[in-house]
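Residue-level listing of the chains:
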Amino acid sequence: HRPKVNKTMPSPKAKNNSGRSGSVPGIGNNGRYEFMSLNRTPSPHLLQRQGSDPTSARLRASESPTRRRGSGSSNASSSSAAGGPPLPEEDCMRLNPSFIGIALSSLLAIDLWLSKRLGVCACEESPWGSMRPLMKLIEVSGHGIPWLAGAAYCLYKSDSAAGQEVMLNLLLALVLDVILVGTVKAVVRRRRPAHNRMDMFATFSVDRYSFPSGHATRAAMCARFLLAHLVLAAPLRVLVLLWATLVGLSRVMLGRHNVTDVAFGFGMGYCQYNLVEALWVSPAGLQSTLG
Ligand SMILES: CC(C)=CCC/C(C)=C/CC/C(C)=C/COP(=O)(O)O
């Protein structure tokens, strides 16, 4: 039985086609993905590698390019492609789309669609473009530089030991936030939405990535910090929560982030505050550490 599929699917060609069958997936020499007809009979070793049924072969063809690239460079797969021993079973197991994989893909699709719909202030011509200056003001209120400068100024001006302790820890919390967010952004490297206009002030290289939203982590962490350490009247407490919510919302409305970047950012900022509490530094402790 020979599987016939009368469709073309995006499938990268092998990096070096010379020693392989043309049906081996990979990336073209110029690094671009190319289209390949699937109405050819796969070679026997490829069928063996992909699982012997046509469904597995098709699943393999639609697998993520990154994974294909990765497996293409491994010793096991190259020996298999060259007619060597078959791949270990766990490699074939990965061909089956798991429930979690499908759920994640669906979530990402919803995320992209919803974020685009909510990006109503992404530029002046957008449906709510006239609100863009207000959204940018909210953006500045959650930016790292005013918060770091404000905490440093309050620490310098504070004349009570308790005030100094709180401001010192706020400053350290903000530095910790910058480090953690920068690390996650550099690892995940999710690009900002296509409709975002990159006109933020004072950004660093990792800020071209969007996951997680640094504004959202800061807003969540600082809101928890202020509510825990400042004696605020009820209306002010509500205002703090409202501000944090608006900072998160403005990130999506400005088109800076997808919804999941902000949702994760809020969760991360919430957890960061727990870390700050656990690592709480007292001026006496700091002095003995330094001295
Ligand atoms: C002195 C020093 C290292 C300051 C860092 C200030 C800082 C955190 C700047 C980055 C602010 C920024 C544009 C973050 C991006 O936020 P997203 O919400 O777009 O991720």
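Structure: above.
Bear in mind that the values here come from a model prediction, so they are computed numbers and not experimental data.

Going through the model one piece at a time under the given rule, you end up with four aromatic pairs. When the ring of Trp147 is compared with that of Trp243, the centres are 5.6 Å apart and the planes differ by 40°; the resulting orientation is tilted. Taken together, the residues Trp147 in helix 8 (residues 144–157) and Trp243 in helix 11 (residues 234–253) connect sequence positions 96 residues apart. What makes Trp147 buried here is its relative accessible area of 17%. The exposure class assigned to Trp243 is buried, which follows from its relative accessible area of 19%. Pairing Phe211 with Phe264 gives two aromatic rings, centres 4.6 Å apart and planes at 35°, and the pair type is tilted. Remark: Phe264 occurs in helix 12 (residues 259–278) and Phe211 occurs in the loop between helix 9 (161–188) and helix 10 (214–229); sequence separation between them is 53 residues. Linked through ring pairs, Phe225, Tyr273 and Trp280 together constitute an aromatic cluster.

The subject of this paragraph is the site of the ligand. Lys185, Arg192, Gly214, His215 and Arg251 are the nearest of the 19 residues found near the ligand. Within the side chain of Arg192, an N or O atom sits 2.8 Å from an oxygen atom of the ligand. Residue His257 places a side-chain N or O atom 2.9 Å away from an oxygen atom belonging to the ligand. Burial of the ligand by the protein amounts to 79% of the accessible area it has alone, namely 560 Å². Its residues assigned to classes, the shell around the ligand comprises seven nonpolar, seven polar and five charged.

Here is what the cut-offs are and how they apply
- Residues numbered from 1 in each chain as written.
- Predicted model: local features only at pLDDT ≥ 70, side-chain atom pairs only at ≥ 80, totals over all residues.
- Heavy atoms only, no water.
- Phe/Tyr/Trp six-rings, centres within 6.5 Å; stacked < 30°, edge-to-face > 60°.
- Helix = DSSP H or I, 4+ residues; strand = E, 2+ residues; numbered from the N terminus.
- Buried < 20%, exposed > 50% of the residue type's maximum accessible area, 1.4 Å probe, protein only.
- Near = heavy atom within 4 Å.
- Polar contact = N/O pair within 3.5 Å; in protein donor to acceptor, adjacent residues only side chain to side chain.
- Areas by Shrake-Rupley, 256 points an atom, 1.4 Å probe, with all protein chains shown as cover.
- Nonpolar A, V, L, I, M, F, W, Y, C, P; charged D, E, K, R; others polar.

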